[in-house]
Amino acid sequence: MGSADVSLRVLHVATEMAPLVKVGGLGDVVGSLPKALKKLGADVRLLLPAYRNLLEDLRSRRCVRSLGKIHEALDWRVYEATVYEFKVNDIPLYLLDQEELYSDDVYPQELNCASILPFALLNMASLELPRLIDWAPQLIHAHDWPTALIPILLRWHRHYGRLPRNYKTILTIHNLAHQGILPREVLALIGLVDEAFSIDGVEFYGSVNLLKGGIIAADVVTTVSPRYSWEIQTPSFGMGLNGVIQSQKPKLYGILNGLDYEYWDPSNDQFLPALYSKDDLSGKEKCRRVLSKRCGFENTGPIAAFIGRLVEQKGVNILLAVLDELAKRGFSLVVLGSGHEHFEKALEEAAVRLKNRLSVHIGHFEELAHLIYAGSDMLLMPSLFEPCGLSQLIAMRYGTVPVARAVGGLADTIIDADGNQEGYGFLFSNPIPDELLKCAERAMAAWKEKERWHSIVLRGMSADFSWDRSARAYLELYQQLLSG
Ligand code: ADP
């Protein structure tokens, strides 16, 4: 598969797009995938809400233009919204502006019949857009529950469900933990037919589940790693939707996310005290010294890091349970993250207890994250589930060896160095402290063999997890879908 037929037209509809607006991994994907698809020749465009500050900023720089207005029947009235156009890397980005509905908040504190309206309007607008801009997609690509309503509207909406359509829909699941669950009343408010509220529709234990309905109604569903696509068919990972997902198996695909190799590049990283590449790792040694000094480490053993949200999903409990043992074995440990208060507190307490052996940084610090990726020897990822995971890809790019649980995207991207000559990481199966500890011990044994460690580091740095690779897989899927 080389490049796209120039006529392949895709509209991505999303609530985030890095770097303009980002809350999590979805934002990274929507920021990178369209760029990579365009490079392959696709005519790709995006539709997002016009968040207040974003629109004001673009307006003040005079780089948006109004394309006109659209009208949607929603919540027993007609909403008028303006569509603006802005170009990002030469890709048209359409921004939907509706003063009453869009602010700077991407997601509400609580989802209900009022707070769903901005999402409903965005989803409807994607179907109205072709009338305004004299361009029609062959494919609409939705992301997670906030845009899962698009395939639902096309199947069960009073108006949109009746229109002839000559395009397909694809829904990507970035994280099954968020499903968009609402009271039943929302159906009438959005204009969905009663028939939608069934076991083969949006109904979910007496409520409406947007992600469920989207999974059923979309032509194709993807997850952000192959392994996650089958994990979510099991009760342990399915978050109540495993049966539904299993029933949709023939149209389910897993495509691994890529990493932005321009932004994450140790040979060209504005945050690092020294640059390096796989041809010359001396800069990494310098970064290691700077990090070690900053953290006040006294051990001469390997530096193991943890960077991520301090939430259950990331296995923080498991990490906390092994910190003392790891320090005892000679590891220096650095943790960067923010999240649940009880995790933050427990880590800070451990840092007092393990002075000069554990350095804890609570908050979001971009520069420090880069220094940690560059200056550490290992990255610990004891995740309970991981749809794809970005941190392990960044670590490998920076010559830092992942020590991770073999789950989701971690299992898809890491090859164990003890189990395979080509390996460049260390994996364990069960999310329990003892297994993490044993896995870290295996990594430490390899670290002590300097030559072996060097080749493990180089293999990780040479692995290809670029967006180009992922975009080709999406393109192939698009083409398959259109020809089917
Ligand atoms: P998730 O999307 O589940 O949070 P990922 O591994 O996919 O996890 O992506 C996390 C991204 O956020 C990585 O780029 C990581 O470096 C970054 N990150 C997480 N926590 C912090 C933090 N406290 N400071 C700086 N960067 C962080």
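Quick caveat: nothing in here was measured; it's all calculated off a predicted structure.

### Observations regarding the nonpolar core
Leu-96 and Phe-426 are the most contacted members of the largest nonpolar core, which has 147 residues in total. When residues of this core are assigned to their parent elements, the largest contribution, 10 residues, is made by helix H3 (residues 117-133). Sequence-distant contacts of Leu-96, that is, excluding residues within four places in its chain, are made with Leu-47, Leu-48, Pro-49, Ala-50, Ile-70, Ala-81, Thr-82, Val-83, Tyr-102, Leu-121, Leu-122 and Ala-125. Among the nonpolar cores identified, the runner-up in size contains 40 residues, and Leu-33, Ala-50, Tyr-84 and Phe-86 belong to it.

### Focus: the site of the ligand
Lining the immediate surroundings of the ligand are 17 residues, of which Arg-309, Lys-314, Gly-363, Tyr-373 and Leu-390 lie closest. At 2.7 Å, a side-chain N or O of Arg-309 approaches an oxygen atom of the ligand. Interatomic distance of 2.7 Å between a backbone N/O atom of Gly-363 and a nitrogen atom of the ligand. Contact with the protein chains hides 87% of the accessible area of the ligand, taken as 570 Å² for the molecule alone. Among the elements of the structure, strand S14 (332-337), helix H12 (366-375) and helix H13 (391-397) are those that each provide at least two residues to the shell around the ligand. Here the shell around the ligand is composed, by residue class, of eight nonpolar, seven polar and two charged.

### Looking at the sheet that holds strand S8 (residues 181-182)
Strand order in the open sheet made by the three strands is S8-S10-S9, with antiparallel pairing throughout. The open sheet has two free edges, formed respectively by S8 and strand S9 (203-204), since each of these has just one partner strand. With two bridges joining them, S8 and strand S10 (residues 207-209) adopt antiparallel strand pairing. When the bridges of S10 are listed, Leu-182 appears paired with Val-208. Each of S8, S9 and S10 is contacted by helix H6 (residues 210-217), which is oriented at about 55° to S10, the strand it contacts most.

### Quick notes on the pairing of strand S16 (residues 378-381)
Here S16 shows a buried face lined by Met-378 and Leu-380 and a second buried face lined by Leu-379 and Met-381. In the sheet, strand S13 (residues 303-307) pairs with S16 via two bridges, with the strands oriented parallel. Across the sheet, Ala-304 pairs through a bridge with Met-378, a residue of S16. The sheet contact formed by S16 and strand S17 (residues 401-405) spans four bridges and is parallel.

Cut-off values and rules
- Residues numbered from 1 in each chain as written.
- Predicted model: local features only at pLDDT ≥ 70, side-chain atom pairs only at ≥ 80, totals over all residues.
- Heavy atoms only, no water.
- Core = buried A, V, L, I, M, F, W, Y, C linked by side-chain atoms within 4.5 Å.
- Buried < 20%, exposed > 50% of the residue type's maximum accessible area, 1.4 Å probe, protein only.
- Helix = DSSP H or I, 4+ residues; strand = E, 2+ residues; numbered from the N terminus.
- Contact = heavy atoms within 4.5 Å.
- Near = heavy atom within 4 Å.
- Polar contact = N/O pair within 3.5 Å; in protein donor to acceptor, adjacent residues only side chain to side chain.
- Areas by Shrake-Rupley, 256 points an atom, 1.4 Å probe, with all protein chains shown as cover.
- Nonpolar A, V, L, I, M, F, W, Y, C, P; charged D, E, K, R; others polar.
- Pairing = 2+ DSSP bridges.
- Axes fitted to C-alpha atoms, helices over the stretch in contact; angles between N-to-C directions.

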